[in-house]
Amino acid sequence: MAKYLVIVESPAKVKTIKKFLGANYEVVASNGHVRDLPKSTMGIDFENDYEPKYITIRGKGEKLAELRRQVKNADKVYLATDPDREGEAISWHLVFSLKLDPKKTARISFNEITKPAVREALKNPREIDMGLVDAQQARRVLDRMVGYSISPLLWMKIKRGLSAGRVQSVALRMLCDREEEINAFIPKEYWDMDAVLKHKNKEVTVSFYGDKNGKIEINGKQQLDDIIKEIKGSQFEVASVKKGSRSRKAPIPFTTSTMQQEASKALNFSTQKTMRVAQQLYEGVDIKGRGSIGLITYLRTDSTRVSDTAEAQVKDYIEENYGNDYYTTSVSAKKTGKKIQDAHEAIRPTDVTLTPEKVKDQLPRDLFRLYQLIWKRFVASRMGTAVYETTTVKIASGKYLFNASTSKLEFDGFMKVYTEADNEKVVTNNTITKLEKGEPLDFVKFEENQHFTQPPAHFTEAALVKAMEEQGIGRPSTYAPTITTIIGRRYVTKEKKNLYVTELGEAVNNVMKTAFSVIVDTAFTANMESLLDAVEEGSIEWKTVIRNFYPDLEASVKDAEQKLEKIHIADEESDEICEECGRRMVIKYGPHGRFLACPGFPECRNTKPYLEKVGVPCPLCGGEVVYRMTRKGRRYYGCMNGPECEFMSWQKPSVEKCPQCGGYMVEKGNKLVCADQNCGYVCELPKKENAK
């Protein structure tokens with residue numbers, strides 16, 4: 001009998017796939033990559049047209065020896081690594097490391113780990129796709145060039161242990177740009193006004209709109225008072241009633257980025273956790289009566305395509321469980337300007353009849369919650385549009401108009417199964433639906449509310465993934481590792497769900513913007529992703545991308561080495577005297593920011609927190625305002641007398657007092673803003689302070 005060897009990446013897949021195949025098949029795992037560029041050097045032969053210098057990864061010698069023994073006993077070897085660029089490259093490296101005979105070797109790939117998918121793949125073996133391999137090589141070499149060229153410069157100019165990355169540096173730039181927007185934001189006052197009216201002894205609240213010429217923004221209390229003065233004494237009357245309907249389309253199935261975003265909002269998962277849990281669902285879970293089975297399709301994808309088999313299965317399921325009215329053939333498509341890797345499918349359950357209820361008792365909590373989310377999203381994507389009956393009413397009072405509207409769900413469609421985490425709940429107001437044109441309404445009272453415009457929100461992981469995808473930065477496999485890296489390097493700190501740039505992150509970003517503006521340019525990075533897609537398609541040779549990229553990078557690094565000043569403040573003397581040896585302490589720069597250290601190290605190892613004075617008295621107690629750090633490395637302004645004095649501000653306080661309320665003011669861009677938002681006073685920053 002012939003003996004066949006199937007090589008996969010992950011040991012977790014071995015048990016699942018082995019179950020689908022007969023006794024003639026042996027399934028083993030390579031445990032990921034077996035060859036890579038060396039860690040100790042750049043690993044690129046610049047004299048030989050940028051040829052990568054691959055070596056066996058440390059610790060993989062025994063695994064390769066084991067694989068060679070198994071290959072020797074096999075009549076045919078099937079390389080069944082993941083169906084993406086990385087998986088294709090692993091297969092290519094295995095061919096080299098195991099010295100596989102092309103006549104006895106075949107590449108197979110499947111989008112889901114199920115018996116039909118694996119058996120179908122074995123019937124359709126193919127050769128290794130060098131377009132995918134070359135795209136992976138190009139990305140790996142580009143990332144190595146950026147990392148190994150710029151990281152030493154960051155060590156030289158800031159501190160050792162820092163790193164730069166082609167995609168991570170752009171993500172950091174996006175976060176820093178948002179932080180600058182927030183810090184420079186000046187809130188603007190606005191008011192809204194509701195009128196509480198009575199209709200047949202039932203109260204109805206209507207919102208101020210404007211007049212017949214259009215919407216009127218109320219920007220101050222005086223303007224509001226003037227409008228109320230004009231309205232007082234006028235009759236409220238229904239000017240128009242408009243009946244209609246609106247529809248809400250079903251969502252598209254999950255891609256990697258939309259799954260990460262929704263898992264963050266609905267389940268409070270980080271991007272890293274989402275991918276880890278999804279990997280387990282993909283590789284195989286023990287289900288009673290079925291053994292080990294992959295519950296979802298491949299998790300790294302930007303495609304929303306669904307196979308014909310899955311389409312037929314979900315159609316039958318919806319019609320059988322919800323009725324024919326709920327299934328639709330009109331499916332929403334993903335709108336994007338970039339090329340989609342459509343070889344994959346969307347992320348979906350491998351068997352839609354395996355409902356969350358059936359597997360709930362057999363899955364750990366996190367696996368169940370993510371599987372339920374994926375299952376519901378996929379089923380909902382094949383269901384009909386939700387339809388609402390709407391009523392919009394305009395109420396006239398003198399020359400002014402008020403609005404009221406309400407909706408009533410007529411057909412729930414896809415919402416029978418799934419609603420997104422941020423979906424607004426519809427509350428139907430029956431009083432509004434009964435109003436008729438020309439009817440008078442009795443005035444009860446006005447309700448006035450003061451508001452201030454809000455700055456752009458800080459990025460969350462989900463929002464950053466969305467922004468990266470929209471701008472074409474990175475690919476499905478890179479979102480989670482990129483975010484994990486910038487948090488791990490302490491360039492960014494995560495508080496609750498929000499991402500904040502640390503002082504260290506600001507320093508690294510400033511170097512990158514000054515010396516490597518092209519690399520941290522979002523358009524350039526998005527274009528590079530397009531070039532990698534072209535390499536995959538075979539329309540560009542991968543080394544052409546490298547040849548065009550490296551000379552400019554090399555020139556920028558040499559220029560930065562000469563011109564860029566050191567950013568760290570090591571060895572700057574402070575006013576503090578070391579209590580242990582009497583030397584004047586110096587300011588050092590560590591992963592958590594600045595600190596004071598004795599210059600007599602290693603004889604004297606005394607250190608203490610560094611409190612840099614801002615030159616502004618504390619608004620609460622008159623003490624010195626200093627820079628402080630949160631535990632996670634985010635900078636703020638606090639009082640030197642803390643924690644007894646509780647003063648704290650994210651923006652720099654000013655010596656100027658608010659002329660309107662007497663409170664303290666803070667700097668925002670080139671403006672001074674009263675710290676009391678209810679006051680709202682804003683003025684230009686004095687030229688002397690602005691010059692600083």
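Within every chain, residues take consecutive numbers counted from 1 along the sequence as written. Local features in this predicted model are restricted to residues whose pLDDT is 70 or higher, and side-chain atom pairs enter the listing and the counts only when it is 80 or higher, whereas totals over whole chains, interfaces and linings include all residues. Values shown for side chains rest on all heavy atoms present in the structure; no hydrogens or waters enter the calculation.

For the rest of this paragraph, the subject is the pattern of salt bridges. Should a side-chain nitrogen of Lys or Arg be within 4 Å of a carboxyl oxygen of Asp or Glu, the pair is scored as a salt bridge. Applying the stated criterion across every chain yields a total of 35 salt bridges. A salt bridge links D177 to R173, with the nearest nitrogen and oxygen atoms 3.2 Å apart. Taken as a pair, D177 and R173 lie in helix α6 (residues 168–184) at a separation of four residues, close to a single helical turn. Where E461 meets K494, a salt bridge forms, and the shortest distance between an N and an O atom there is 2.9 Å. Note that E461 is positioned in helix α14 (residues 461–470) and K494 in strand β18 (residues 492–495), a separation of 33 residues in sequence. A residue is classified by how much of its surface remains accessible, and E461, at 8% relative accessible area, is buried. Look at the salt bridges and you will find they share partners, linking R85, R475, D533 and E536 into a network. A run of H or I in DSSP becomes a helix once it reaches four residues, and a run of E becomes a strand once it reaches two; helices and strands are each numbered from the N terminus. Three exposure classes are used, based on accessible area relative to the maximum for each residue type with a 1.4 Å probe and protein chains only: buried under 20%, partly exposed in between, and exposed over 50%.

Strands qualify as paired when DSSP identifies two bridges or more between them. Pairing between strand β1 (residues 4–8) and strand β7 (residues 76–79): four bridges, direction parallel. By the bridge assignment for β7, L5 is matched with V77. For the handedness criterion, the strands are oriented away from the viewer, and a crossover whose path from the first strand over the helix to the second runs clockwise is classed as right-handed. Once you follow β7 into helix α3 (residues 85–97) and on to strand β8 (residues 105–107), the crossover reads as right-handed.

A few words on the sheet that holds β1. Here we have four strands laid out as an open sheet, ordered β2-β1-β7-β8, and parallel in their pairing. The sheet is open, and its two borders are formed by β2 (25–29) and β8, each paired with just one other strand. For this sheet, the mean inter-axis angle between neighbouring strands, taken without regard to orientation, is 20 degrees. Taken strand by strand, helix α2 (residues 61–72) contacts β1, β2 and β7, and its axis lies near 165 degrees from that of β2. Angles run from 0 to 180 degrees between N-to-C directions of axes, and those axes are lines fitted to C-alpha atoms, restricted for helices to the stretch in contact. Any two residues having at least one pair of non-hydrogen atoms within 4.5 Å are treated as being in contact.

The linkage connecting F601 with the following residue, P602, adopts the cis geometry, with an omega of 10 degrees. Mapping P602 onto the fold places it in the loop between β22 (593–597) and β23 (607–609). For the bond from G642 to P643, the omega torsion is 5 degrees, close enough to zero to count as cis. Structurally, P643 can be placed in the loop between β26 (635–639) and β27 (648–649). Located in the positive-phi region is N31, a residue other than glycine, with phi close to 60 degrees.

Turning our attention to α3. Here, expected helix span is obtained from the residue count minus one, scaled by 1.5 Å. Between its first and last C-alpha atoms α3 spans 18 Å; for 13 residues at 1.5 Å apiece the expected length is 18 Å, and the two agree. Considered for burial, the residues of α3 that qualify are R85, G87, E88, A89, I90, S91, H93, L94 and S97. Two residues or fewer past α3, K99 is found with a positive phi of approximately 50 degrees.

Now for the pairing of strand β12 (residues 236–248). Inspection of the sheet shows β12 paired to strand β15 (residues 386–397) by twelve bridges, in the antiparallel sense. In the strand pairing of β15, K242 is matched with T392. In the sheet, β12 pairs with strand β17 (residues 440–452) via two bridges, with the strands oriented antiparallel. Bridge pairing in β17 places E237 opposite P440.

With that settled, consider the nonpolar core. Judged by nonpolar contacts, the single largest core of 66 residues is most densely connected at F110, L295, L363, L370 and Y371. It is helix α12 (residues 365–381) that contributes the most residues to this core, ten residues altogether. When sequence neighbours within four positions are dropped, the list of residues in contact with Y371 reads L281, L295, I296, P349, D351, L354, T355, P356, V359 and L363. Core analysis: the second largest hydrophobic core is formed by 57 residues, A164, I473, V511 and V545 among them. By convention a nonpolar core is built from buried Ala, Val, Leu, Ile, Met, Phe, Trp, Tyr and Cys residues, the set being connected through side-chain atoms within 4.5 Å.

Compared with an ideal rise of 1.5 Å per residue, which puts 22 residues at 32 Å, helix α18 (residues 542–563) spans 32 Å between its outermost C-alpha atoms and is within 8% of the ideal. One axis fitted to the seven residues ending at a residue, another fitted to the seven starting there: the angle between these axes is the bend at that residue. Along its length, α18 reaches its greatest deviation from straightness, about 25 degrees, at F549, and the proline P551 lies no more than four positions downstream. Of all the residues in α18, the buried ones are W542, K543, V545, I546, F549, Y550, L553, V557 and A560. Elements in contact with the buried residues of α18: β5 (51–52), α5 (130–157), α16 (503–515) and α17 (522–537).

Now for the environment of I231. Mapped onto the secondary structure, I231 falls in helix α7 (residues 221–231). In this view, I231 contacts M193, F236, S397, Y400, F402 and F446; residues no more than four positions away in its chain are not counted.

Here, a disulfide means two cysteine sulfur atoms that sit within 2.5 Å of each other. A full pass over the atoms with the stated rule returns zero disulfides. Looking at the unpaired C658, the closest cysteine sulfur is the one in C679, lying at 3.7 Å. Overall, C658 belongs to the buried group, its relative accessible area being 3%.

So, about the packing of α6 against α14. In a pair of packed helices, the angle between the axes and the distance between the axes together describe the arrangement. Contact geometry for α6 and α14: axes closest at 11 Å, N-to-C directions at 115 degrees. By the angle between their axes, α6 is roughly perpendicular relative to α14. Note that α6 runs across α14; the crossing there is right-handed. Across the interface between the two elements, A171, M174 and L175 from α6 touch L464, A467 and M468 from α14. Looking at side-chain class alone, the contact of α6 with α14 contains six nonpolar, no polar and no charged residues. Note that the term roughly parallel is reserved for angles under 35 degrees, roughly antiparallel for angles over 145, roughly perpendicular for angles of 65 to 115, and oblique for everything else. Definitions for this section: a left-handed crossing has its near helix turned counterclockwise from the far helix by less than a right angle. A right-handed crossing has that turn clockwise. Three classes are used, and their members are as follows: Ala, Val, Leu, Ile, Met, Phe, Trp, Tyr, Cys and Pro are nonpolar, Asp, Glu, Lys and Arg are charged, and the others, Gly among them, are polar.

Turning our eyes to something else, we now look at the sheet that holds strand β29 (residues 664–668). Here we have four strands laid out as an open sheet, ordered β28-β29-β30-β31, and antiparallel in their pairing. The open sheet has two edge strands with one neighbour each: β28 (653–657) and β31 (682–684). Across the sheet, the mean angle separating the axes of adjacent strands is 35 degrees when strand polarity is ignored. Pairing geometry for β29 and strand β30 (residues 671–674), over four bridges, is antiparallel. Bridge pairing in β30 places E667 opposite L672.

Any Phe, Tyr or Trp ring, taking Trp's six-membered ring, that has another such ring centre within 6.5 Å forms a pair; planes under 30 degrees apart are called stacked, those over 60 apart edge-to-face, and the others tilted. Across all of its chains, the model carries 20 aromatic pairs by this definition. Ring plane angle 80 degrees and centroid distance 5.5 Å describe the contact between F208 and F402, whose orientation is recorded as edge-to-face. Residue F208 is located in strand β10 (residues 202–211), and its partner F402 is located in strand β16 (residues 400–411); the two are separated by 194 residues in the primary sequence. Exposure class is identical for F208 and F402. Each is buried.

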